[in-house]
Amino acid sequence: KTGKQVFMGLAGMFIIESPEEKALNLPSGNYELPLVIQDKRLDTNGAVMYSPTLEEVMIGYMGETITVNGANAPVQNVTTRTYRLRIVNGSNGRIYSLALSNGNSFMVIGSDGGLLPAPETVTSLLLAPGERADLLVDFSKAALNSDVYLQSNSFSGVSSQGSQIFKIMKFTVNKAETDTFKMPTSLNSFTSLSAASASKTRTFDIGVMMDMGSGGHGGSMAMKGMHTINGKVFNSDRIDESVTLNSTEIWEFDNTKGDEPHPMHLHGTFFQVISRTGGRGNILPHEKGLKDTVLVMPGEKVRIIVKFEHTGKFVFHCHNLEHEDDGMMLNFEVK
Ligand SMILES: [Cu+2]
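Please read all numbers here as calculations on a predicted model, not as lab measurements.

Once that is clear, we can look at the overall build of the chain. In terms of helices and strands, the chain carries four helices and 21 strands. Taking 20 Å as the expected radius of gyration for a compact globule of 335 residues, we find that the chain reaches 20 Å, a close match to that expectation. With the C-alpha coordinates aligned to their principal axes, the bounding extent of the chain is approximately 65 × 55 × 30 Å. Buried residues in the chain amount to 52% of all 335 residues. Expressed as a percentage of contacts within the chain between residues at least 6 apart in sequence, the contacts between residues at least 24 apart total 76%. With an accessible surface of roughly 14700 Å², the chain has 51% of that area assigned to carbon and sulfur atoms.

Now the structure itself:
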């Protein structure tokens, strides 16, 4: 039921700060904006409606009304300074190619697990459900009294979405102020895990649909289990992967045979993305930090490296919530 709960509004964010981050003097207070982006489908009374069809279980349930922190088409007044936008994609299935309507570049300074090693300059950023982006936008590059939209550009690689450009929120630059912000050259240091330190590689095939016409699941298309990992659907009583505490492993998510995007998400740990082959073909700027969700587009194979430092039973799953609810989730135990 995760899909319904999140679509109805159960999404938010924690912001965790550290003395090291405070020392960087990043934009804060009025200049730091937490933004939870969700798409909604509304019925004729304006109430949020969640009733995915079989097709929508396949591609993810999407809505036509884009909201930020629960508001549709919000307007934020800004001054001619650098703002920190802390973005969560809280959507069930929608991917955003975040960009500014004036085409200006912006900086990515962080992702799911904190700050990147150094700021990265981009003109767009593909953010899948569950992923976070920590951005710096310099509104002094826009004219006073002009409007700049955060929008989603079109993108390729998926047939079920990405063909439209649409606006997410409006910034009105309504006041001139002197920007005191100085961009740090380095933001964060964490130990880069080397592939040579991995004791094991596990491969997860996420690109094959269950053949509903035959096999153990019977013929009913309404049954769970069209989306699988290594041919399996979630079973809460089964440990799928046993991991040794403090070991470092490479996990490979293989979507080369698939035709849907899968943002793969691990609980209980952060990871580093070490390679992407096929599709977009490389590690993207916002993937250079610690991550817990990585988008694996159709045709792609993405390798992550993880050091498992906490004992317990955890899940990993596709963060497309219709896929997750359909069973695209497995258990791993660290001990
Ligand atoms: Cu998926």
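That was the structure; now back to the text.
Taken together, the protein ligands of the copper ion are His262 (ND1), Cys318 (SG) and His323 (ND1), with distances of 2.0 to 2.1 Å. Each donor residue of the copper ion belongs to the same chain, and together they define the spacing H-x55-C-x4-H. Here Cys318 lies in strand β20 (residues 312–318) and His262 lies in strand β16 (residues 262–266), a separation of 56 residues in the sequence. Given a relative accessible area of 0%, Cys318 falls into the buried group.

A few words now on the pattern of salt bridges. Taken as a whole, this structure holds 26 salt bridges when the rule is applied. Residue Glu287 pairs with Arg276 through a salt bridge whose shortest N-O separation is 2.7 Å. Of this pair, Glu287 sits in the loop between β17 (272–277) and β18 (293–296) while Arg276 sits in strand β17, and the two are eleven residues apart along the sequence. The pair formed by Glu287 and Arg276 is uniform in burial state, with each residue classed as buried. A network of salt bridges, in which partner residues are shared, links Glu21, Glu32, Arg84, Arg86 and Asp134.

Moving on to empty space enclosed by the protein. Within this structure, the stated rule accounts for three cavities of 30 Å³ or more. A volume near 60 Å³ is recorded for the largest cavity. Surrounding the largest cavity, Leu100, Asn102, Asn104, Ser105, Val137, Asp138, Phe139, Lys141, Ala142 and Val148 form its lining.

For the rest of this paragraph, the subject is the sheet that holds strand β2 (residues 65–68). Reading across the sheet, the seven strands line up as β3-β2-β1-β5-β10-β7-β8 and stay open at both edges, with mixed pairing between neighbours. Looking at the sheet topology across the chains shown, the edges are occupied by β3 (71–72) and β8 (114–122).

Here the chain is partitioned into domain 1 (2–175) and domain 2 (195–334). Using C-alpha coordinates to define each centre, domain 1 is positioned 24 Å away from domain 2. With 34 residues of domain 1 at the interface, the matching set in domain 2 holds 29 residues. Carbon and sulfur atoms supply 59% of the area that domain 1 and domain 2 bury against each other, a total of about 2500 Å² over both sides. For domain 1, the biggest contributors to the area lost against domain 2 are Val57, Met58 and Leu126; these three give 19% of the whole. At the boundary of domain 1 and domain 2, one finds four salt bridges. Viewed at the interface, domain 2 and domain 1 are joined by 19 residue pairs in polar contact (both at pLDDT 80 or more). For the side of domain 1 that touches domain 2, the secondary structure elements donating two or more residues are α1 (2–7), α3 (54–59), β7 (106–111), β8 and β9 (125–127). Per element, the largest residue contribution to the side of domain 1 that touches domain 2 is five residues, and it comes from α3.

Right, let's talk about the packing of aromatic side chains for a bit. Tallying each qualifying case throughout the model produces 17 aromatic pairs. An aromatic cluster of three or more residues is present, and its members are Phe204, Trp251, Phe253, Phe308, Phe314, Phe316 and Phe332. The ring of Phe7 carries the charged tip of Lys40 above its face, separated from the ring centre by 5.4 Å.

Attention now goes to the nonpolar core. In terms of nonpolar packing, the biggest core is built from 31 residues, with Ile37, Leu85, Ile87 and Ile168 touching the most fellow members. In terms of residue count, the dominant contributor to this core is strand β12 (residues 166–175) (five residues). Those residues in contact with Ile168, other than ones at most four positions away along the chain, are Ile37, Ile66, Val68, Ala73, Pro74, Tyr96, Leu98, Leu150, Gln151 and Ser152. Within the second largest apolar cluster, 23 residues are counted, among which are Met264, Phe316, Cys318 and Phe332.

Our next topic: the layout of surface pockets. Sizing a probe to match a water molecule and rolling it over the atoms shows the empty space that remains. Roughly 1300 Å³ of volume is contained in the largest pocket. The wall of the largest pocket is formed by 44 residues, among which Met13, Phe14, Asp112, Arg132 and Asp292 lie closest to the centre. Going through the elements one at a time, α1, α2 (19–22), β5 (82–89), β8, β10 (132–138), β16 and α4 (321–325) are the ones with two or more residues in the lining of the largest pocket. At five residues, β5 tops the list of elements feeding residues into the lining of the largest pocket. Residues of the lining of the largest pocket, tallied by class, amount to 16 nonpolar, 18 polar and ten charged.

Thresholds applied
- Residues numbered from 1 in each chain as written.
- Predicted model: local features only at pLDDT ≥ 70, side-chain atom pairs only at ≥ 80, totals over all residues.
- Heavy atoms only, no water.
- Helix = DSSP H or I, 4+ residues; strand = E, 2+ residues; numbered from the N terminus.
- Rg over C-alpha atoms; globule rule 2.2 N^0.38 Å.
- Buried < 20%, exposed > 50% of the residue type's maximum accessible area, 1.4 Å probe, protein only.
- Contact = heavy atoms within 4.5 Å.
- Areas by Shrake-Rupley, 256 points an atom, 1.4 Å probe, with all protein chains shown as cover.
- Donors = N, O, S within 2.8 Å, 3.2 Å for Na, K, Ca; no water.
- Salt bridge = Lys/Arg side-chain N within 4 Å of Asp/Glu carboxyl O.
- 1 Å grid on protein atoms, 1.4 Å probe; cavity = no way out; pocket = protein on both sides within 12 Å on 5 of 7 lines; lining within 4 Å.
- Points joined across faces, edges and corners; volume = space filled by probe spheres on them.
- Pairing = 2+ DSSP bridges.
- Domains from an automatic or database assignment.
- Buried area = accessible area lost by both parts, 1.4 Å probe.
- Polar contact = N/O pair within 3.5 Å; in protein donor to acceptor, adjacent residues only side chain to side chain.
- Phe/Tyr/Trp six-rings, centres within 6.5 Å; stacked < 30°, edge-to-face > 60°.
- Lys NZ or Arg CZ within 6 Å of the ring centre and 35° of its normal.
- Core = buried A, V, L, I, M, F, W, Y, C linked by side-chain atoms within 4.5 Å.
- Nonpolar A, V, L, I, M, F, W, Y, C, P; charged D, E, K, R; others polar.

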